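# Coordinate analysis (summary)
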Amino acid sequence: MTPFRTMRSAEAFRVSLAAPDDFEGWRDTARRLIQADVPPDRIVWDSPADQSTDLFAQGERRLPAPPADAPQPRASRDFLQYAKSAILHSDSKRFSLLYRLLWRLQTNPRLMDDRADADVRGIDELARQVRRDIHKMRAFVRFRVIEEPDGERYVAWFEPGHHILRSNAAFFVRRFTTMRWSILTPQGSMHWDGETLQEGPPATRADAPSGDPVEALWRKYYTSIFNPARLKVGAMLKEMPRKYWKNLPEASLIPEMIAGAQAREAGMVEAGAQDFGVLPDTLAGIAEAVQSCRRCDIGCNGTNSVMGEGADAPVLMIVGEQPGDNEEELGHPFVGPAGQLLRAHLKDAAIAIEQAYVTNAVKHFKFTLRGKRRLHQNPTAKEIDVCRWWLDGERALVRPRIVLALGASAARGLLGRTVSVQKERGVPLPLDDGSELWITTHPSYLLRLQDHGRADEEQKFANDLRCVAARVSELSH
Ligand code: URA
């Protein structure tokens, strides 16, 4: 391509796009220019964020009109896919690279298959960097809560590397539909009021609040999901580059976590939390693998495992402790007495169990024999930690937005730490995939109580389920 600086001014066309991420504007103009047979080296592309100082482009001319019978330009789906991402890159040469590729595609429709081509490699690299920036934003935006006259607003400051704010906004709308939030960046801001998304001007760090209970929640969350057994410092820095650290409340914990990782890893290996390799990528595959799992003593006791079951793509996942006598015999979770009580309460709270996915933290039945009777025994922390491998796998496939843990074993299976149900019930905790964890008591515990004690605890259980029902209903719409 002829560099712009060697162009004669009379030949230059300047295209000023409306915004740095204006894909439609670029595409429509590029089509017209291809139809009018304008080669790449005669165009200077610009947008408000990419003000070109190219003097040779100053001799601006009206863009030529294509002939009426000009054929539609060819653009493979592959190319358009790349172009939509690459256009969000901050490199000011992206528009011209895309146009050059589009130009070349007219005579070489298979160009995108040529991975050795410098332009193809260029667009691939831009698109990859944009995807990574989008992912980082999703992972590292942290909200602080502020009080406004009409209620709470969650405000986050973020510095993206590329022009991804607008295209990433839909993700945050979906994830935080019911919250009122603002994301402030040096390039612009986005504001969601629960119904409409509005764009605002660029902001500075000082415009965003800092230090509040949301930070405390994130810190707590981060230490709870931090898995020292998986710690590889290099990989961690790659995933969470230092430039993002300053905006992350939990980053202040990183040196401490790295220092303590070795000791905690030893503790975890002791506790049996391990990586068992490749997980099956279907629920049926997990069910089959669990059946022959012999990684702890419970799995070795010769009983049938009981896999979770329920609706496809449910909002809610309910996690119990382990199958009981009836469950093991019938092969379904929560079909015995505890299941009956649970079902009655769910019905009262207007939670449709058939629209949820129901499973257990431990997939085999642990018991001790008393005559012919099989009496339930609690799983140990180590057994729960071993079985967490399967529960995590199930959760990754089911992808619920809300998880209800029944009792401390279920909560341990989800958080990987000891949980006090009475202290941690009633408020949602964030899980590693962004879903919401609610903790309540186990129905078997209620069955063991009597009189007033039972009535009080059932009341609290019912209250917890009502909170979950409200969230399920909010997130279902
Ligand atoms: N208790 C549980 O925790 N899970 C079941 O499936 C049955 C009883």
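Residues numbered from 1 in each chain as written. Predicted model: local features only at pLDDT ≥ 70, side-chain atom pairs only at ≥ 80, totals over all residues. Heavy atoms only, no water.

## Here we look at the overall build of the protein chain
- Secondary structure assignment for the protein chain yields 17 helices and 15 strands.
- Every one of the 477 residues in the protein chain was classed for burial, and the buried ones make up 48%.
- For the protein chain, contacts bridging at least 24 residues in sequence account for 73% of all contacts bridging at least 6.
- As displayed, the protein chain offers around 24000 Å² of accessible surface, 52% of which is attributable to carbon and sulfur atoms. (Helix = DSSP H or I, 4+ residues; strand = E, 2+ residues; numbered from the N terminus. Buried < 20%, exposed > 50% of the residue type's maximum accessible area, 1.4 Å probe, protein only. Contact = heavy atoms within 4.5 Å. Areas by Shrake-Rupley, 256 points an atom, 1.4 Å probe, with all protein chains shown as cover.)

## Some thoughts on empty space enclosed by the protein
- For the structure shown, the criterion picks out three cavities of 30 Å³ or more.
- As a volume, the largest cavity reaches approximately 80 Å³.
- If you go around the largest cavity, the residues you meet are Val290, Cys293, Cys296, Ile298, Gly299, Val362, Lys363, His364, Glu383, Val386, Cys387 and Trp390.
- Considering each element in turn, the lining of the largest cavity owes the most residues, four residues, to helix H13 (residues 381-398). (1 Å grid on protein atoms, 1.4 Å probe; cavity = no way out; pocket = protein on both sides within 12 Å on 5 of 7 lines; lining within 4 Å. Points joined across faces, edges and corners; volume = space filled by probe spheres on them.)

## Overview of the site of the ligand
- Contacts to the ligand come from Gly320, Glu321, Gln322, Pro323, Glu327, Pro333, Phe334, Asn360 and His442.
- One of the backbone N or O atoms of Phe334 is found 2.9 Å from an oxygen atom in the ligand.
- Between the ligand and His442 there is a distance of 2.6 Å, counted from an oxygen atom to a side-chain nitrogen or oxygen.
- A total of 240 Å² of accessible area belongs to the ligand in isolation, and the protein chains cover 94% of it.
- Of all the cavities here, the one that holds the ligand is the second largest pocket.
- Here the shell around the ligand is composed, by residue class, of three nonpolar, four polar and two charged. (Near = heavy atom within 4 Å. Polar contact = N/O pair within 3.5 Å; in protein donor to acceptor, adjacent residues only side chain to side chain. Sits in = over half its atoms within 2 Å of the grid points. Nonpolar A, V, L, I, M, F, W, Y, C, P; charged D, E, K, R; others polar.)

## Overview of the layout of surface pockets
- Approximately 770 Å³ is the volume found for the second largest pocket.
- Contributing elements (two or more residues each) for the lining of the second largest pocket: helix H11 (325-330), helix H12 (337-348), strand E12 (373-376), helix H14 (407-415), helix H15 (421-424) and helix H16 (443-448).
- Split by residue class, the lining of the second largest pocket holds 12 nonpolar, 14 polar and six charged.

## With respect to the pairing of strand E11 (residues 367-370)
- When E11 meets E12, the two strands line up antiparallel, connected through four bridges. Residue pairing across strands places Arg370 opposite Arg373, the latter belonging to E12.
- Here E11 folds back onto E12 in antiparallel fashion, the turn holding two residues, of which Gly371 has a positive phi close to 65°. (Pairing = 2+ DSSP bridges.)

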